[in-house]
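# Structural description and commentary
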Amino acid sequence: MFAIVSVLAIIGLWLGLAFRRFGTRAAERPAEGTNKPGPGAFSRWFFRRVAESLRKPGRDALTDRLRSLASRRAPVLEKWLLVGLYATFLFLAASGFFFAIFIERGLFGVTLLLHFTAGVIFAVCLALTAILKAGRYVPNPGPLSLPAFSGDFPAGRGIGKVMEVSVPARDIISGLFWVFVLAGFSLTVSALLPMLPWFHYQGQVILFAWHRWSALAALLAAIAFADLEFFPRRPAA
Amino acid sequence: MRAAARFVAPGLCLLALAAWAVTGQDSRSAAQGRAQESAGPAMDATAQPSTNGQNDRVKPWDGSRTTPVHLIPLKDENDAPIIPTEARPMPYSARFTCGPCHAYATIRGGLHFNTMAPQAAGRPGEPWIWLDRATGTVLPLSYKKWPGSWDPKALGLSAWDFTQLFGRHFPGGGPAEPSDDEVLSEPDARWNVSGKAEINCLACHNASNRQDHGEWAKQILRQNLRWAATAAGGVGEVGGMASRLWNTWSYVDGPNLDDHEWAVAPFVTYRTIDFDGKHRYFFDLDYRPADTRCLACHSVSATGEVRAHGQPDVHSAAGLKCADCHRNDLGHGMIRGYEGEAADTGNPAAESFTCRGCHLGQDQTGKRLVRPGRMSAPYPKHTGIPLVHFKTLECAVCHSGPRPAKEPSRVRTSRANRLGIHGVAQWFTETPAVLEPVFVKNAHGKIGPRRLVWPAFWGRLDGKDVVPLRPEAVQNAAGKVLRPEASIAQTLVALYQACAEDEMPVLASGKFVFEANVDGGLDASERPSGPEAREASWELRKGGSLVPLIPDFDPASPDKAPDIEGRILSYLQALSLRADSPGKPVVLVRRTLYQFTDGIFDVSEAPEGFEGSPGAGWLVEGKLRPLASPFEVRTVTAKSGTEQTLTEEQVTLILQALAETGGQAAAASGAETEAAPERRSGHGSAPAAASEGREGPPSAPFVYVSGGRLFKLDSRGRLASEAHEAAEPVTWPLAHDVRPVQQSLGWNGCGDCHSAGSKFFFSSVKGTGPLLTASTGSKSATSLMGIGGLFQRTFGLTFAVRPLSKIVLALAILITGALLVVAFLVVIGRLAGLIEKRQ
């Protein structure tokens, strides 16, 4: 079930982020296409963008973007910390999900050894990165406000209209950051606890499942965060 | 009148006798019927036994948890009632005594009685080991096509042969109870003399302490198969030996009237005290056998272990009997208790009696399908043990057998080492060397502990396969090469006839002194203080010291000891009586030759050019040969202090002898079956010609397998060894003794198994065998487990830094957790308006 849910979640998130880009673009260019972008228009746009990405110009654009990210000026420690975080997370995600989805036995052998080693490095890098970046991504929600009760409940207004919350993209990015940190924390806890002589067989089973689902949460959060933070949509000219 | 009375009186006696026979029969039948009635409604008068003792009616259990009192009449193999006081009664037959109530045909398909069933019966078990020390044969045998074992039929072993070899540890039935067709197909067998050994119900179910496994073994060895159960169960006393009777003897012939001393026909004298007035015998029975019954054939003990210091299996210590877990219904398809047994045997109840079933309530896939906690089995928490251990290891790895050591420990098993046969002479053997534990990956991919034996046998190479030879064939070809000890012992025994009471002739060679023993062999002891003998010398043990057999003296001197020549005379007389002497015994002292010539004691000067060393010897073709040949002395000296029975020189000579005979001797007594013998490892079959009694190819090389290597002669006639599949060890699973939890692997942490120098992963098992050689095979633990040794060593190294990594992870968790708490508080504060939103 984990494999199916993981694959569906990743694909779903990917499509969701793509639809957000499509929707944002359509909102900025109302004159193009229909007023209400539908599934047909989205699918046409989606496959066109995928095809463009796979062609040389698209690949070059991606490479340039990655280079620009890598060449950002940052203190040495921060730079290497981020490299460590990204590299270990990529390896952990790749090794973990590949074995979880395609290998019935699960992670074993040298890969398991490397997975654990990378996990320790990831935990350290995550902790230090959280300290360094906490200020940048400090949660910033506005105060919750409820309208004063006037005794008059206009007909036709649903309860969903009572509280309207507007979330800026910046806050979403911050939220995703903390979701990733929380998931990483969860991954670290669920990796350490089985190594201690505290949990019996059923507990080990639960911790193992906890680790897998935390990994999925971390991966989804990382994908969304990277899409919004590192590959923002350029505003229409 | 007197004449008439002479006729009338005997007639009246005969009439009275006839009347008694008739009424006695009626009373016996009535007694039987009453016994059946009292036993319950199922045992009614209509449930009469059929002629073969089978009762086809299924007798359901009435629900009572008591064991019925078995005060029942005895029947013999002809279904005739046994009167214990009659002359020469027959031994009782389980088939007709127990069969009326317990369907014999159903029972004989059970686990202990279907030895000859060719189908693989679930997980492989311990094979029978054909041990022949003289030829250095340690050959695993099994009818059940288990890997590493040879099919006895393919080796030409009949059911009779198999029974003679292994019947000592049979519970009856199986090969010891062949069908009439099988009897007819074995004309050389002596079933008509010995009878068949039926299933011996008492072997397991006898609650009396009179049940004597040693007595069973003794009767089997005496070929008193028909009488063995009666003797072993203490039902009666059995005398006589069928083995000494002629081939055509049958029990209907009655006693041997010509011999009351040696070739006495078997007979039984019943213990009448255990019979009641109706000639019913009281069987003291256990529904679930006591452990001592099982341990008669299933004991395993470490060599050198002191019995008082051993610890029992935790299940036994908790009060469980073997049969509490290894249980069965009437079919006697005993539950063996391994994972997967339910699927193998089609008995779903078996799932409840595995380790997982009892303790965890899980089937082999881990699903909770069975009710746990049988017999108060505790639930193991296994705290801190990663899940991978439960997927890749059997429970017995951590919990059973000895803890892993650098090398496996050596044990003895009942069936391989002939344990439990007690008497004046102890019959157990140190060989074969059974080693445990070794950890091997099973057919389901799980690693489990096993016992291991390195096979040793002579064979003929047919392509890539090795066809074993029977020990008799090797003995026929090898002749005296296999018996250097016997030859020296014969000489010593001969010399002993000429010694005084306080003198014992010995042969001193190297640091050992050899003395003849009662078995026709040699006992070796360390030489008393003094230099090692460079050359072998014949000496006398007198008191605690050794003196030369024939001291050096000048025969021409008038001052020589007066009795010295008299002693030489008596030595020569004694040696002349030695059987198989290679020549005429002579003694050479300096240049003087002492011998018997035409019956006269001749003292003369040795001829010119006479070759020979001073001392006693054999005159062969004008030359003085030593009393024991250099080969014999070399061989016994080399093997002294070891348990090996063959030297490389012996093997070389025997391989040459086999090659010279072209395998004729081997083929003559070898396999006569159509199918070539094949070892159950999937190896290809040998050509049929090799096993049909015909001479094999003249160039077919003969080989000897021992200690994990295959030995054969190279092109220059020298002994060479190589690895070969036939030399691979045979293993079988072990599950007992289960150690207490504090002695389980993992109790002291991961380091019990995971370290750079772990005994679990990095031990090895070296080849052992009857051949004294430096060329032996070896198996590493990782190769047996089918895992990478380098990875395990690397993985083990990581455990050295594991505590540090746990600390690092814990610190990272603390820091990250603290930040998350702060972030959460900020969110709450902002949502509540306590903290202003950043613009």
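Residues numbered from 1 in each chain as written. Chains lettered and ligands numbered in written order. Predicted model: local features only at pLDDT ≥ 70, side-chain atom pairs only at ≥ 80, totals over all residues. Heavy atoms only, no water.

Before going further, it helps to spend a moment on the overall build of chain A. In terms of regular secondary structure, chain A is built from seven helices and zero strands. Ordered by position from N to C terminus, the α and β elements of chain A give α-α-α-α-α-α-α. Considering chain A as a whole, with its 237 residues, one finds that 34% of them fall into the buried category. Taking as baseline every contact in chain A between residues at least 6 positions apart, the subset at least 24 positions apart corresponds to 77%. When the accessible area of chain A is evaluated, it comes to approximately 14700 Å², of which 70% is carbon and sulfur surface. (Helix = DSSP H or I, 4+ residues; strand = E, 2+ residues; numbered from the N terminus. Buried < 20%, exposed > 50% of the residue type's maximum accessible area, 1.4 Å probe, protein only. Contact = heavy atoms within 4.5 Å. Areas by Shrake-Rupley, 256 points an atom, 1.4 Å probe, with all protein chains shown as cover.)

Glancing now at the overall build of chain B. Secondary structure summary: chain B contains 26 helices and 30 strands in total. Each of the 839 residues in chain B was classed as buried or not, and the buried ones make up 47%. By sequence separation, contacts in chain B at least 24 residues apart represent 63% of the contacts at least 6 residues apart. Total accessible area on chain B is roughly 41100 Å²; 56% of this is exposed by carbon and sulfur atoms.

A cluster of nonpolar side chains, namely Val124(A), Leu128(A), Ile131(A), Ile807(B), Leu811(B), Leu814(B) and Ile815(B), defines an oily patch on the protein surface of about 590 Å² accessible area. Only α5 (109-133) of chain A together with α26 (789-831) of chain B provide two or more residues apiece to the nonpolar patch. Broken down by element, the nonpolar patch gets its largest block of residues, four residues, from α26(B). (Patch = residues over 30% accessible without salt bridge, like charges linked within 9 Å, V, L, I, M, F, W, Y side chains within 5 Å. Salt bridge = Lys/Arg side-chain N within 4 Å of Asp/Glu carboxyl O.)

Another point: the interface of chain A and chain B. Contact with chain A, which involves 42 residues of that partner, is made by 36 residues of chain B. Summed over both sides, the interface between chain A and chain B buries roughly 3400 Å², with carbon and sulfur atoms accounting for 75% of that surface. On the surface where chain A and chain B come into contact, there are zero salt bridges. Only α5, α6 (169-192) and α7 (201-230) of chain A provide two or more residues apiece to the side of chain A that touches chain B. Of the residues forming the side of chain A that touches chain B, the biggest block, 12 residues, is contributed by α5(A). Here the side of chain A that touches chain B is composed, by residue class, of 31 nonpolar, nine polar and two charged. (Buried area = accessible area lost by both parts, 1.4 Å probe. Nonpolar A, V, L, I, M, F, W, Y, C, P; charged D, E, K, R; others polar.)

Moving on, we come to the nonpolar core. For soluble globular proteins, the rule of thumb is that nonpolar side chains tend to be buried together. Ranked by size, the top nonpolar core spans 54 residues in total, and within it Leu74(B), Tyr92(B), Leu141(B), Trp216(B), Val235(B), Tyr270(B) and Phe283(B) carry the most contacts. Membership of the second largest hydrophobic core comes to 37 residues, among which are Phe97(A), Ala118(A), Ala183(A) and Ala222(A). (Core = buried A, V, L, I, M, F, W, Y, C linked by side-chain atoms within 4.5 Å.)

Glancing now at the sheet that holds strand β9 (residues 434-441) of chain B. Residue and element names in this part refer to chain B. Spatial ordering of the open sheet is given by β7-β8-β9-β10-β27, a layout of five strands whose pairing is antiparallel. Of all strands in the sheet, those bounded by a partner on one side alone are β7 (300-302) and β27 (730-733). Going across the sheet, the axis of each strand differs from the next one's by a mean of 50°, ignoring polarity. For strand β8 (residues 409-413) and β9, the ladder comprises three bridges, and the chain directions are antiparallel. Note that in β9 the partner of Arg410 across the bridge is Leu435. (Pairing = 2+ DSSP bridges. Axes fitted to C-alpha atoms, helices over the stretch in contact; angles between N-to-C directions.)

With that settled, consider the confidence of the model for chain A. Residues and elements named next belong to chain A. Taken as a whole, chain A shows an average pLDDT of 81; of its residues, 80% reach a score of 70 or greater. Looking across chain A, the model is least confident in helix α3 (residues 56-70), with a mean pLDDT of 75, and most confident in α5, with 93. Note that pLDDT drops below 50 for residues 158-164; the model gives that stretch three contacts with residues more than four away or on any other chain. (pLDDT = per-residue confidence, 0-100.)

Here we take up helix α22 (residues 648-661) of chain B. End to end, α22(B) covers 20 Å across 14 residues, agreeing with the expected 20 Å (1.5 Å per residue, within 8%). Of all the residues in α22(B), the buried ones are Gln650(B), Val651(B), Thr652(B), Ile654(B), Leu655(B), Ala657(B) and Leu658(B). (Expected span 1.5 Å × (residues − 1).)

What follows covers the confidence of the model for chain B. All names here are of chain B. The predicted model of chain B has a mean per-residue pLDDT of 86, with 87% of residues at 70 or higher. Long-range and interchain partners of residues 21-56, a stretch whose pLDDT sits below 50, account for 44 contacts in this model, where long-range means more than four residues apart. Across residues 667-698, confidence stays below pLDDT 50; counting only partners more than four residues off in sequence or on other chains, it has 72 contacts.

Turning to the packing of helix α19 (residues 484-496) of chain B against helix α20 (residues 564-576) of chain B, a few remarks are in order. Residue and element names in this part refer to chain B. It is at 8 Å that the axes of α19 and α20 come closest, and there the two elements cross at 130°. Taken together, α19 and α20 sit at an angle that is classed as oblique. Of the two elements, α19 crosses α20, and the hand of that crossing is right-handed. The residues of α20 that touch α19, namely those facing Thr491, Ala494 and Leu495, are Tyr571, Ala574 and Leu575. Its residues assigned to classes, the contact of α19 with α20 comprises five nonpolar, one polar and no charged. (Parallel < 35°, antiparallel > 145°, perpendicular 65-115°, else oblique. Left-handed = near helix turned anticlockwise from the far one by under 90°.)

For the rest of this paragraph, the subject is the sheet that holds strand β25 (residues 709-713) of chain B. Residues and elements named next belong to chain B. Read from one edge to the other, the open sheet built from five strands follows the order β12-β11-β24-β25-β26, with strand pairing classed as antiparallel. The sheet terminates laterally at β12 (465-468) and β26 (719-722), the two strands that pair on one side only. Looking at each pair of strands side by side, their axes are set apart by 40° on average, direction ignored. With three bridges joining them, strand β24 (residues 702-706) and β25 adopt antiparallel strand pairing.

Now for the packing of α5(A) against α26(B). The contact between α5(A) and α26(B) brings their axes to 9 Å, and the two run at 25°. As judged from the angle between their axes, α5(A) and α26(B) are roughly parallel. Helix-helix and strand crossings are classified by hand; for α5(A) and α26(B) the assignment is left-handed. Only Phe791(B), Thr794(B), Phe795(B), Thr798(B), Ser805(B), Val808(B), Leu809(B), Ala812(B), Ile815(B), Thr816(B) and Leu819(B) of α26(B) make contact with α5(A), whose side of the interface consists of Gly109(A), Val110(A), Leu113(A), Phe116(A), Gly119(A), Val120(A), Ala123(A), Val124(A), Leu126(A), Ala127(A), Ala130(A) and Ile131(A). Grouping the constituent residues of the contact of α5(A) with α26(B) by class yields 17 nonpolar, six polar and no charged.

To continue, consider the environment of Lys218(B). Note on placement: Lys218(B) falls in helix α8 (residues 213-221). C-alpha of Lys218(B) to C-alpha of Ser570(B): the two residues are 352 residues apart in sequence and 42 Å apart in space.

Residue and element names in this part refer to chain A. For the coordinates displayed, the defined rule picks out 35 aromatic pairs over all chains. Measuring from ring centre to ring centre gives 5.4 Å for Phe98 and Phe102, while their planes differ by 45°; the resulting arrangement is tilted. Of this pair, Phe98 and Phe102 are both found in helix α4 (residues 76-102), four residues apart, which corresponds to roughly one turn of the helix. Accessibility expressed as a relative area gives 43% for Phe98, which makes it partly exposed. (Phe/Tyr/Trp six-rings, centres within 6.5 Å; stacked < 30°, edge-to-face > 60°.)

Residue and element names in this part refer to chain B. Taking burial as the measure, the eight residues of β9 include seven buried ones, the bulk of the element. Direction of pairing for β9 relative to strand β10 (residues 447-453): antiparallel, over a ladder of five bridges. Bridge pairing in β10 places Val438 opposite Arg450. Connecting the antiparallel pair β9 and β10 is a turn made up of five residues, with Gly445 showing a positive phi of about 85°.

Attention now goes to the environment of Pro740(B). All names here are of chain B. Relative to the elements of secondary structure, Pro740 occurs in the loop between β27 and α24 (759-762). Residue classification places Pro740 among the partly exposed positions, given a relative accessible area of 27%. In this structure the C-alpha to C-alpha distance between Pro740 and Leu814, which are 74 residues apart in sequence, comes to 38 Å. Not counting the four nearest positions on each side in its chain, Pro740 is found in contact with Gln311 and Val314.

Residues and elements named next belong to chain B. Of the two faces of strand β5 (residues 267-270), only the one carrying Val268 and Tyr270 is buried; Phe267 and Thr269 on the other face are not. The sheet contact formed by strand β4 (residues 236-239) and β5 spans four bridges and is antiparallel. Residue pairing in the sheet places Val238 in a bridge with Val268 of β5.

Attention now moves to the side chain of Asp171(A). Within the fold, Asp171(A) resides in helix α6. We classify Asp171(A) as buried; its relative accessible area is 18%. Other than its neighbours up to four places away in sequence, Asp171(A) contacts Asn140(A) and Lys837(B).

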